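Okay, here's what each chain looks like letter by letter:
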Amino acid sequence: MTQLMQGKRGLIMGVANDHSIAWGIAKALHEHGATVGFSSIESLIERRVRPLADSIGSPFVGPCDVRDDDQVKAVFDRWGDEIGGLDILVHALAFANKEELAGEFVDTSREGFALAMDVSAYSLVALARAARPHLRPGASIL
């Protein structure tokens with residue numbers, strides 16, 4: 001197989017399980033030669049993320065609550081210290097409280113909608129900002 005991503009380094013944010021789009025992207029990057037790391041909320045790390053990361057020999061797994069700018073900065077600072085530059089950042093994050101997903105859309109609370117938008121959408125801005133000092137020339141954010 002051609003190693004299209006040989007020498008590239010990618011951080012995958014938001015792997016939920018082995019059926020998630022993020023995991024499919026991570027496996028494809030790894031199969032094409034990239035070094036792949038993972039970050040997710042702390043409660044999922046040991047139960048779901050680390051076993052997947054270990055299955056492909058990932059050198060980096062770290063917790064990050066994307067609602068906390070200090071945690072966002074910390075995960076990228078750790079990445080920079082341990083791995084170096086970043087070629088690929090994958091944002092595969094989405095969240096809404098279960099109770100907000102039941103019933104009709106028009107019954108969504110303002111607070112529930114704000115939380116869903118913060119985690120699912122604004123986090124891309126926060127991640128891009130924190131990743132910026134580590135991005136190598138030609139890097140991509142997905």
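Cut-offs used in this document
Residues numbered from 1 in each chain as written. Predicted model: local features only at pLDDT ≥ 70, side-chain atom pairs only at ≥ 80, totals over all residues. Heavy atoms only, no water. Phe/Tyr/Trp six-rings, centres within 6.5 Å; stacked < 30°, edge-to-face > 60°. Helix = DSSP H or I, 4+ residues; strand = E, 2+ residues; numbered from the N terminus. Buried < 20%, exposed > 50% of the residue type's maximum accessible area, 1.4 Å probe, protein only. Lys NZ or Arg CZ within 6 Å of the ring centre and 35° of its normal. Pairing = 2+ DSSP bridges. Right-handed = clockwise from strand over helix to strand, strands pointing away. Axes fitted to C-alpha atoms, helices over the stretch in contact; angles between N-to-C directions. Contact = heavy atoms within 4.5 Å.

Bringing the packing of aromatic side chains into the picture now. Taken as a whole and assessed by the stated rule, the structure comprises two aromatic pairs. Note on Trp23 and Phe38: the rings are 6.1 Å apart at their centroids and 35° apart in plane angle, and the pair reads as tilted. A residue pair is termed long-range when its members are at least 10 positions apart, and Trp23 in helix H1 (residues 21-31) and Phe38 in strand E2 (residues 35-40) qualify at 15 residues. Trp23 sits in the buried class, given a relative accessible area of 6%. Seen from their ring centres, Phe60 and Trp79 are 5.1 Å apart, and the 75° between their planes marks the pair as edge-to-face. One end of the pair, Phe60, is in the loop between helix H2 (42-55) and strand E3 (61-63); the other, Trp79, is in helix H3 (residues 69-82), and 19 residues separate them in sequence. With relative accessibility at 0%, the residue Phe60 sits in the buried group. Residue classification places Trp79 among the buried residues on the basis of a relative accessible area of 0%. Above the ring of Phe60, the side-chain terminus of Arg78 is found at 4.2 Å from the ring centroid.

Both faces of the sheet carry side chains from a regular strand, because those side chains alternate between them. In terms of residue burial, strand E1 (residues 9-13) counts as a mostly covered element, since four of its five residues are buried. For E1 and E2, the ladder comprises five bridges, and the chain directions are parallel. Its bridge partner lying in E2, Arg9 is registered against Thr35. Note on the crossover from E1 through H1 to E2: the handedness is right-handed. The pairing of E1 with strand E4 (residues 86-91) spans four bridges and is parallel. When the sheet's bridge partners are listed, Ile12 is paired in E4 with Val90.

With parallel pairing, the five strands of this open sheet are ordered in space as E3-E2-E1-E4-E5. With one partner strand each, in any of the chains shown, E3 and strand E5 (135-141) form the two edges of the open sheet. Pairwise comparison of adjacent strand axes, ignoring direction, gives a mean angle of 20° for this sheet. Across the face of the sheet, helix H5 (residues 110-131) comes into contact with E1, E4 and E5 while running at roughly 165° to E4.

All quantities given are derived from atomic positions and should not be read as evidence of function.
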